[in-house]
Amino acid sequence: MERVAIIGGGPAGLMAAEALTSSGYDVTVYEAMPTVGRKFLLAGKSGLNITHSEDSDRFLSRFGAASGRLGPVIEAFPAAEVRAWAQALGTETFVGSSGRVFPVAMKASPLLRAWLRRLEGQGVKILTRHRWAGFAGNGYLFQTPHGEKVVEADAVLLALGGASWPRLGSDAAWVPWLRERGIEIADLRPANCGFDVDWSEPFRARFAGVPVKSVVATTEARAIPGEFVISRHGIEGSLIYAHAASLRDRLENSSSADLMLDLMPGRTLARLVQDLAKQDGKASFSNRLRKGAGIDGVKAALLREFSTDADRHNPQRLAGLIKHLPLPVVRRRPIAEAISSDGGVRWSAIDDSYMLKALPGLFVAGEMIDWEAPTGGYLLTACFATGRAAAAGVERWLAR
Ligand SMILES: Cc1cc2nc3c(=O)[nH]c(=O)nc-3n(C[C@H](O)[C@H](O)[C@H](O)COP(=O)(O)OP(=O)(O)OC[C@H]3O[C@@H](n4cnc5c(N)ncnc54)[C@H](O)[C@@H]3O)c2cc1C
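This one's a predicted model, so the numbers in the text were calculated from it and none came from an experiment.

**Structural notes on the overall build of the protein**
Then step 1. Counting secondary structure elements, the protein contains 15 helices and 20 strands.
Then step 2. Taken along the three principal axes of its C-alpha coordinates, the protein extends 85 × 40 × 35 Å.
Then step 3. When contacts within the protein are restricted to residue pairs at least 6 apart in sequence, long-range pairs at least 24 apart make up 70% of them.
Then step 4. For the protein, the accessible surface area stands at approximately 17,300 Å², while carbon and sulfur atoms represent 51% of it.
Then step 5. Across the protein, the 48 positively charged side chains and the 42 negatively charged ones have centroids separated by 7 Å.

Shown next as structure tokens:
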């Protein structure tokens, strides 16, 4: 029986292992950490947004430039199949109000446990504490608790993840080893990350951890409703991640970038001007805002943080800031804190079977490939789908 080595036991690697053992291959998963699926379990801490229910065109558009390459493989394992797969493993899912799909249990551990039981039943061998440490001639060098060993296999599939949360295992140590073999790799950068804002000390002390709800945030042409969280460093949360790519790109050429906030999407500018103008000019700023615009708490503090005394006393200017408050972000948070990374093995280096063109017999899957997507279940769906596509590529290669 042909032997396949899968290096990396995250969602992409495990999905490839499932597909290949179903087809009768002898599969060993090599995982650096003491257990597999650590990032998958962490994703479960926020409910495990496993996929998204929107129509397929919209779904694929989330992958931007990579949608052309990812489209066919996601169509082969679309959201409905992801849900059916989870259900067959005993995990019922539901569609949340935003269209995002979650397990009813809102965690990953029951699904991962059932998945590992299935894999074990299918004969997948999982060797943990086996850290791939580079190439050794035609083989793959591993550091193990019992010293170094070199593994050879009929086909090898790398599913090593991106570079976010390296302490969970995906530390991008593989980048130079593949580059040395001539594989083009786009630098790994934080995607779906928070940003630093230079808050005043009083604002930081009072509002770190507080959510800012029911706003519309805009960068370039995209206006997205939602909420975000004030952090000690700046801003975090799904609404921020949705704008992260454009903020990040703008920060590459500039020392700051503005996220435009509409703090009162339900009220028009004209109505706000009118209501604010009716307020007693001698009343405090908080009272005028509360009575004239229905704004208090963190939204009022944001306005205070980014306005001048003159703005605060001019109904027209104040209403303008309520509808278009520029929130200046100055830096990305580090990649180690990001939900995901972009960059990785360039599509030009990969054939339609997910095999590296320069290294026949070596396949790649998951977040280590150069694509990115916002949060919303797209990341896991693409990891599952590329895991399956690479497994199919391995089969074609071994059957050639
Ligand atoms: C806080 C957080 C929340 C998230 N929430 C969601 C969510 O709700 N929905 C969603 O779609 N996505 C979410 N994600 C993203 C999602 O978890 C990842 O995109 C996904 O896990 C990537 O899968 P992967 O298999 O490509 O890589 P990984 O899950 O990173 O797995 C790679 C594996 O390879 C192993 N490895 C790395 N290097 C080596 C080596 N040298 N030798 C051996 N093994 C190695 C690692 O230890 C790891 O187990 C979240 C991420 C984070 C950090």
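There's more to say after this.
**Brief notes about the environment of G169**
Then step 1. Relative to the helices and strands, G169 resides in the loop between strand 10 (155-158) and helix 7 (174-180).
Then step 2. Sequence separation of G169 and I235 is 66 residues, and the distance between their C-alpha atoms is 26 Å.

**A short note on the domain arrangement of the protein**
Then step 1. Here the domain parsing of the protein yields domain 1 (3-190 + 341-398) and domain 2 (197-332).
Then step 2. The centre of domain 1, based on its C-alpha atoms, is set 39 Å off from the matching centre of domain 2.
Then step 3. Taken together, the contact between domain 1 and domain 2 spans six residues of the former and seven residues of the latter.
Then step 4. With both chains or domains summed, domain 1 and domain 2 bury close to 560 Å², and 42% of this area falls on carbon and sulfur atoms.
Then step 5. When residues of domain 1 are sorted by the area they lose upon contact with domain 2, R189, P190 and T375 head the list and together hold 66% of the total.
Then step 6. Counting the contacts that link domain 1 with domain 2 gives four salt bridges.
Then step 7. Scanning the region where domain 1 abuts domain 2 turns up four residue pairs in polar contact (both at pLDDT 80 or more).
Then step 8. The residue makeup of the side of domain 1 that touches domain 2, split by class, is one nonpolar, one polar and four charged.

**Describing unusual backbone geometry**
Then step 1. The phi dihedral of M106 falls on the positive side, at around 55°, and the residue is not glycine.
Then step 2. Backbone geometry at W165 places phi at a positive 45°, although glycine is not the residue there.
Then step 3. For W165, the position within the fold is in the loop between strand 10 and helix 7.

**Here we look at the layout of surface pockets**
Then step 1. Taken as a whole, the second largest pocket holds about 470 Å³ of empty space.
Then step 2. Lining the second largest pocket we find 22 residues, and of these R62, G64, A245, E372 and P374 sit closest to its centre.
Then step 3. Here the lining of the second largest pocket takes six residues from helix 9 (residues 238-251), the largest share from any one element.
Then step 4. Considered class by class, the residues forming the lining of the second largest pocket number 10 nonpolar, six polar and six charged.
Then step 5. Three or more residues apiece are contributed to the lining of the second largest pocket by two domains, here domain 1 (3-190 + 341-398) and domain 2 (197-332).

Definitions and limits used
Residues numbered from 1 in each chain as written. Predicted model: local features only at pLDDT ≥ 70, side-chain atom pairs only at ≥ 80, totals over all residues. Heavy atoms only, no water. Helix = DSSP H or I, 4+ residues; strand = E, 2+ residues; numbered from the N terminus. Contact = heavy atoms within 4.5 Å. Areas by Shrake-Rupley, 256 points an atom, 1.4 Å probe, with all protein chains shown as cover. Lys, Arg positive; Asp, Glu negative; His and termini not counted. Charge placed at Lys NZ, Arg CZ, Asp CG, Glu CD. Domains from an automatic or database assignment. Buried area = accessible area lost by both parts, 1.4 Å probe. Salt bridge = Lys/Arg side-chain N within 4 Å of Asp/Glu carboxyl O. Polar contact = N/O pair within 3.5 Å; in protein donor to acceptor, adjacent residues only side chain to side chain. Nonpolar A, V, L, I, M, F, W, Y, C, P; charged D, E, K, R; others polar. 1 Å grid on protein atoms, 1.4 Å probe; cavity = no way out; pocket = protein on both sides within 12 Å on 5 of 7 lines; lining within 4 Å. Points joined across faces, edges and corners; volume = space filled by probe spheres on them.

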